[in-house]
Structure formats: C-alpha cells, structure tokens
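Architecture at a glance
Residue strings, one per chain:
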Amino acid sequence: MTTYKLAVAGGGSTYTPGIIRSLMDRLEDLPLSEIRFYDIDGERQSKVVVAAKAVIAEYTDTIQVVETTDPKTAFEDVDFVFAQMRVGKYAMRELDEKIPLSHNVVGQETCGPGGLAYGLRTIFPMVELVDYVDQYAKKNAWIVNYSNPASIVAEGVRKLRPNARILNICDMPVATMRNMAAILGVNREDLVVDYFGLNHFGWFTKVEVNGVDRLSELREHVYQHGLLTEDVSKIDYRHADSSWIKTFKNIKLIMDHFPEYLPNPYLQYYLFPDYIVETSNKEYTRANEVMDGREKTLFETVRKYEETGILEDAFAVGVHGTFIVDVTISLAQNLGRRYLVMLENNGTIPNLPADAMIEVPALITSNGPIPEYVGEIPYFYKAMIDQQLASEKILVEAITEGSYIKALQAFTLNKTIPSAKVAKAVLDDLIEANKEYWPTLAQEYKEGV
Ligand code: NAD
Ligand code: G6P
Ligand code: MN
C-alpha cells in the first residue's frame, strides 16, 4: 500500500486541528506515514500541534508527527504540502480591515485594499515556500494552497514560478454549495454546478441535481431569505457568526439586482461597497470576531486538554477540511473528480486573457486540473472580471518591481475604491503599517515618487 508524507505549512493555523480530523477520517483513501507541521512561529504552532496530535491519537498510532520551523526538516521527501499561512497574522488582518474603513472604504481580508495589502505581503513568502518544496520535497510533490488572498497568490506564483506544482483552492464555492444543498434538502455531493470567475469573484450559472436544474428554486428561496436555511449553525458552526449570516443574507441584495446567476458571496464587496461600509463596525471587524471566537476557543481548548487530558470537540471539520482532503485524494489517486479550483485560463473562457488565473470546474488528476470548457461569458461579467484582474495583475507587478506607482494603479482600479485620491490615501496608510513587509514600496513612497 502506498503511504504518503504530508506537510502543513502554517501549522499554527486555527484550521489545523479541523483539517487533521478531516485527514484522519479519510485515511483509507489517503494513507499517511508522516505529518510534518511547519510554521515560522514555533511557539504558536506548538500549541496547535498539541491539539492536532490529540486528534491523531484518537485514530491511529502509526503516523509519525514532526513539528518544526526548519524548511528542510519540514519538506524533505514529502508528497503533499497543505499551505495555509497568514503572513502578518491576525494583527495585520485587523489593520487590513480597519485602515480602509477609516477612509470609508471596504475593509476586508481578501477583497478591496485590505486584500491587496495582504497580497503584497504574501507573494514572496509563497514563492519562498514553492522554492523550499522544489528543493526538498519529492519531484512530483503537490502544494495544495489555501493561503489567501488566493487569487493574488495564484497570479504571483504563476508569474514568478510558472512550473510550480501548486493547486490553489478556496472553500467559498463549496460553502455556498453546502447552503444550496441544505435549502434544496439534498446532499452537497449530489449538486452539479457550473461556475466561472476569479477567486472570490465568480458566479454559479447552473445548479443541477439528478440532471434537473434547480437554480430557479434557489432564486425563489434567496428572494425571501438570502442563501440561508433556518439554522445555519447546524450545518457549519464557523459560518454561524453574525458577519457570515449577514454575508449569506446579502446574496438576496445581489440577486435582487442581478437575478441571472447565483453570485459568490464575496461579490457583495464589489457591487455594494457603499452599503458594506455603512453597515460595518469600524472599531470591531471580522479579525476581532475571529480573535475573540475561533482563535480564543482553540487556545482555550488546548489549555484545558493539557490540564485535564480531555479534548473538547471544538474544531469544526466543515467544508473547509473536507474540501482540501477531497481534492488531495483526487490528486493522489488520479481520480479525475470534478471540483471548482483555480487554474490558468488558456482558452477555457475565450474572451478573458489566456494568462488569467480563473476559478472554474476542473477534473483533478495526478498531473493537475483539467478544466472544463466554459465558453465566452456575457459582457457585464467580463468587464467586471477584466477590471479586477487588471487590479490584481498590476499589484503583482508592483511588488515584484517595487513600484509605488503600480501599487497606486492597482488600488485605483479596484472597484471597491471610489477615486485615485482615496486610493492614494488608503495605500499610503497601508504602506506605513506594512513597512517591514514592503521595504521597496515604502522606500519609493518616501522618496516622493
Ligand atoms: P492563522 O493566523 O491562525 O494561521 C496562519 C499561520 O501561518 C500562523 O501560525 C502563522 O505564524 C503562519 N505563517 C505566517 N507566515 C508564514 C510563513 N511565511 N511560513 C509559514 N507559516 C507562516 O490564520 P487562519 O485564520 O487559520 O488562516 C490560515 C490561512 O488560510 C490564511 O491565509 C487564510 O486567509 C486562509 N484561508 C483560506 C481559505 C480559502 O478559501 N482559500 C479559507 C480559510 C482560510
Ligand atoms: C471563506 C473564504 C476564505 C476566507 C475565509 C475567512 O472560507 O473562502 O478565503 O479566508 O472565509 O473566514 P474567517 O472565518 O477567517 O473570517
Ligand atoms: Mn476563499
């Protein structure tokens, strides 16, 4: 029997124990001999690994567990790397959200200026990870990447390391499908969807169950309730937080205006930025909600476990854990299963640039994703995507060239930002906050370019 060695980069992530549980639930499909946890913050990781080890011990004693801050120890000879790093951690997420909001602009982890700032911080560390894996891991090793902002990370790695074996994924489409399935009273696995777009910027164009399109039924539900069921916490408690409830309700707002397709929830930030800002709490953002919720619960659970030896089941596997393991099983076993992932366009959507990193259905094989042909998309969607794509592509150029002007162009092109004046004000504040992450941009800015 083939067994695999798997490394988790960003081992200190709040998602680690849930992902480990998901891996343990699927050991028959993905037998593991070793799991290596890698993080640049060894202290944080150590605590999380206590929980991860306790989860593993519930299932098996045959998996060797390694915890390290050394890349060679982490990646030598591994088959798979799960990447889930948050460069700058929650402290920087909080600033990504609060600085734009202080200018009355959307403050969000992956969308708008906050997402662009997070992107500027993450591209080089992701390239560094790709290089470590190239240097130490097995030749055909895959990186399965959740690290955000996934769209910008995907573009950065495509550009700087075009041959990397990395599959960029996002759990938002499957989370949206989980809600759809609950509304329709079917299993998520029974849905067959068509979808096109960029990451956090796409639309479901078909939702089929047993060959019957149920999109119009979902549309009727959304008109009444948004994309929510009676008790969302029963289907995944992560999305039971008030900000996520609001987000799934806002699908109604989007579909009241544009009923044709069912949108990715993140489109609320691009289509209704004014409304989002008006209804945001500038002093208490999602970063605060997560620090006071998921992160606190995780460390409390570890503390209690160390005291009592009892591990409370506080780590939701949810679609997040299930999805990355599903995709990896299809990669490992060459199953060709169909999932929504990011990949290079190359004609899949002929009226978008060939080198766009798009998110579409693809068959996942050992050699990577094979996209299903989508065809030309209507002009409204194309125009929105082209603008967002330009913002993200210019942003990658900004950090690789160390160009303040390009960063300003990227911010100005982002649909959440109303003018170049506001773009400059937000960018300049973000540069101050990110000095240690963007030395070259900060230098150009200081020199008054
Ligand atoms: P977290 O802050 O709890 O964990 C991130 C970990 O990454 C921290 O322990 C941190 O020390 C570590 N890290 C930072 N820079 C690193 C580097 N250069 N190398 C190795 N490790 C590094 O964050 P979280 O909320 O658990 O989220 C983890 C990541 O997963 C984030 O990037 C988040 O945006 C992403 N995420 C993505 C999706 C998706 O749909 N793609 C879904 C959920 C979370
Ligand atoms: C969804 C998105 C991720 C994002 C996450 C944030 O799952 O797909 O890309 O990172 O939400 O969730 P959080 O609970 O940290 O706000
Ligand atoms: Mn995502």
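Residues numbered from 1 in each chain as written. Chains lettered and ligands numbered in written order. Predicted model: local features only at pLDDT ≥ 70, side-chain atom pairs only at ≥ 80, totals over all residues. Heavy atoms only, no water.

In the vicinity of ligand 1 lie 27 residues, with S13, T14, D39, Y90 and Y118 positioned nearest. Between ligand 1 and the protein, one listed contact pairs an oxygen atom with a side-chain N or O atom of T14 at 2.7 Å. Contact distances for ligand 1 include 2.6 Å between an oxygen atom and a side-chain N or O atom of Y118. Protein contacts shield 96% of the accessible area of ligand 1, which totals 860 Å² for the unbound molecule. Elements represented by at least two residues in the shell around ligand 1 include exactly helix 4 (89-102) and helix 5 (112-136). When the residues that make up the shell around ligand 1 are grouped by side-chain class, the tally is 11 nonpolar, 8 polar and 8 charged. (Near = heavy atom within 4 Å. Polar contact = N/O pair within 3.5 Å; in protein donor to acceptor, adjacent residues only side chain to side chain. Areas by Shrake-Rupley, 256 points an atom, 1.4 Å probe, with all protein chains shown as cover. Helix = DSSP H or I, 4+ residues; strand = E, 2+ residues; numbered from the N terminus. Nonpolar A, V, L, I, M, F, W, Y, C, P; charged D, E, K, R; others polar.)

Helix-helix packing is described using two parameters, namely the angle between the two axes and the distance between the axes. Where helix 5 meets helix 15 (residues 379-401), the closest approach of the two axes is 10 Å, and the angle between their N-to-C directions is 50 degrees. By the angle between their directions, the pair helix 5 and helix 15 is classed as oblique. By crossing handedness, the relation of helix 5 to helix 15 is classed as right-handed. Where helix 5 abuts helix 15, its residues L116, G119, L120, I123 and F124 lie against S391, L395, V396, I399 and T400. (Axes fitted to C-alpha atoms, helices over the stretch in contact; angles between N-to-C directions. Parallel < 35°, antiparallel > 145°, perpendicular 65-115°, else oblique. Left-handed = near helix turned anticlockwise from the far one by under 90°. Contact = heavy atoms within 4.5 Å.)

The next subject is the packing of helix 2 (residues 42-57) against helix 13 (residues 286-308). As a packed pair, helix 2 and helix 13 sit with axes 10 Å apart at the nearest point and diverge in direction by 65 degrees. Classed by the angle they form, the pair helix 2 and helix 13 counts as roughly perpendicular. The interaxial crossing formed by helix 2 with helix 13 has left-handed handedness. Across from R44, K47, V48, V50, A51 and A54 in helix 2, the residues of helix 13 making contact are E295, L298, F299, V302, Y305 and E306. Partitioned by chemical class, the residues of the contact of helix 2 with helix 13 number 8 nonpolar, no polar and 4 charged.

Our focus in this paragraph is the site of ligand 2. The local shell around ligand 2 holds 14 residues, among which R93, N148, D171, R286 and R294 are the closest. The side chain of R286 places a nitrogen or oxygen atom 2.5 Å from an oxygen atom of ligand 2. Residue R294 places a side-chain N or O atom 2.8 Å away from an oxygen atom belonging to ligand 2. Coverage of ligand 2 by the protein chains reaches 94% of its 390 Å² of free accessible surface. Here the element with the most residues in the shell around ligand 2 is helix 13; it accounts for 3 residues. Of the residues that constitute the shell around ligand 2, the class distribution is 6 nonpolar, 2 polar and 6 charged.

Moving on to the pairing of strand 3 (residues 64-68). Within a regular strand, the side chains alternate between the two sheet faces. Relative to strand 3, strand 2 (residues 32-38) runs parallel, the two being bridged by 5 bridges. In the strand pairing of strand 3, I35 is matched with V65. Taking the sense of rotation as the criterion, the β-α-β connection linking strand 2, helix 2 and strand 3 turns out right-handed. (Pairing = 2+ DSSP bridges. Right-handed = clockwise from strand over helix to strand, strands pointing away.)

Turning to empty space enclosed by the protein, a few remarks are in order. Scanning the model with the defined rule gives 2 cavities of 30 Å³ or more in all. Each pocket or cavity is described by its volume, and for the largest cavity that value is around 60 Å³. At the level of elements, helix 6 (150-160) and helix 15 are the ones that each hand at least two residues to the lining of the largest cavity. Class assignment of the residues belonging to the lining of the largest cavity gives a composition of 5 nonpolar, 5 polar and 1 charged. Size it by volume and the second largest cavity reaches roughly 30 Å³. What lines the second largest cavity is simply S151, E155, M357, L389 and E392. Looking at the lining of the second largest cavity, the elements that each hand over two or more residues are helix 6 and helix 15. Residue composition of the lining of the second largest cavity, grouped by class: 2 nonpolar, 1 polar and 2 charged. (1 Å grid on protein atoms, 1.4 Å probe; cavity = no way out; pocket = protein on both sides within 12 Å on 5 of 7 lines; lining within 4 Å. Points joined across faces, edges and corners; volume = space filled by probe spheres on them.)

Here we come to the coordination of the manganese ion (ligand 3). Within the protein, the manganese ion (ligand 3) binds to C170 (SG) and H200 (NE2); these donor distances fall in the range 2.2 to 2.3 Å. Residue C170 is located in the loop between strand 6 (166-168) and helix 7 (172-184), and its partner H200 is located in the loop between strand 7 (191-198) and strand 8 (201-209); the two are separated by 30 residues in the primary sequence. Considered together, C170 and H200 belong to a single accessibility category, that of buried residues. (Donors = N, O, S within 2.8 Å, 3.2 Å for Na, K, Ca; no water. Buried < 20%, exposed > 50% of the residue type's maximum accessible area, 1.4 Å probe, protein only.)

Note on placement: R21 falls in helix 1 (residues 16-25). Setting aside anything within four residues of it in sequence, one finds R21 in contact with V55, E58, Y59, D313 and V317.

Our next topic: the nonpolar core. Ranked by size, the top nonpolar core spans 103 residues in total, and within it L23 and I35 carry the most contacts. Beyond its immediate chain neighbours, meaning those up to four positions away, L23 contacts L6, L30, L32, F82 and V325. (Core = buried A, V, L, I, M, F, W, Y, C linked by side-chain atoms within 4.5 Å.)

With that out of the way, let us pick up the sheet that holds strand 13 (residues 368-371). If you trace the 3 strands from one edge of the open sheet to the other, you get 11-12-13, paired in antiparallel fashion. This sheet does not close on itself; its edge strands, each paired only once, are strand 11 (337-344) and strand 13. Adjacent strand axes in the sheet meet at a mean angle of 55 degrees, parallel and antiparallel pairs treated alike. Direction of pairing for strand 11 relative to strand 12 (residues 357-365): antiparallel, over a ladder of 8 bridges. From the neighbouring strand, E344 faces strand 12, where its bridge partner is M357. Strand contacts of helix 6: strand 11 and strand 12, with the helix running at about 60 degrees to strand 11, the strand carrying the most contacts. Along the sheet face, helix 14 (residues 318-333) touches strand 11, strand 12 and strand 13 and points at about 90 degrees away from the line of strand 11.

Moving on, we come to the side chain of E109. Mapped onto the elements, E109 comes out in the loop between helix 4 and helix 5. Given the relative accessible area of 8%, E109 is considered buried.

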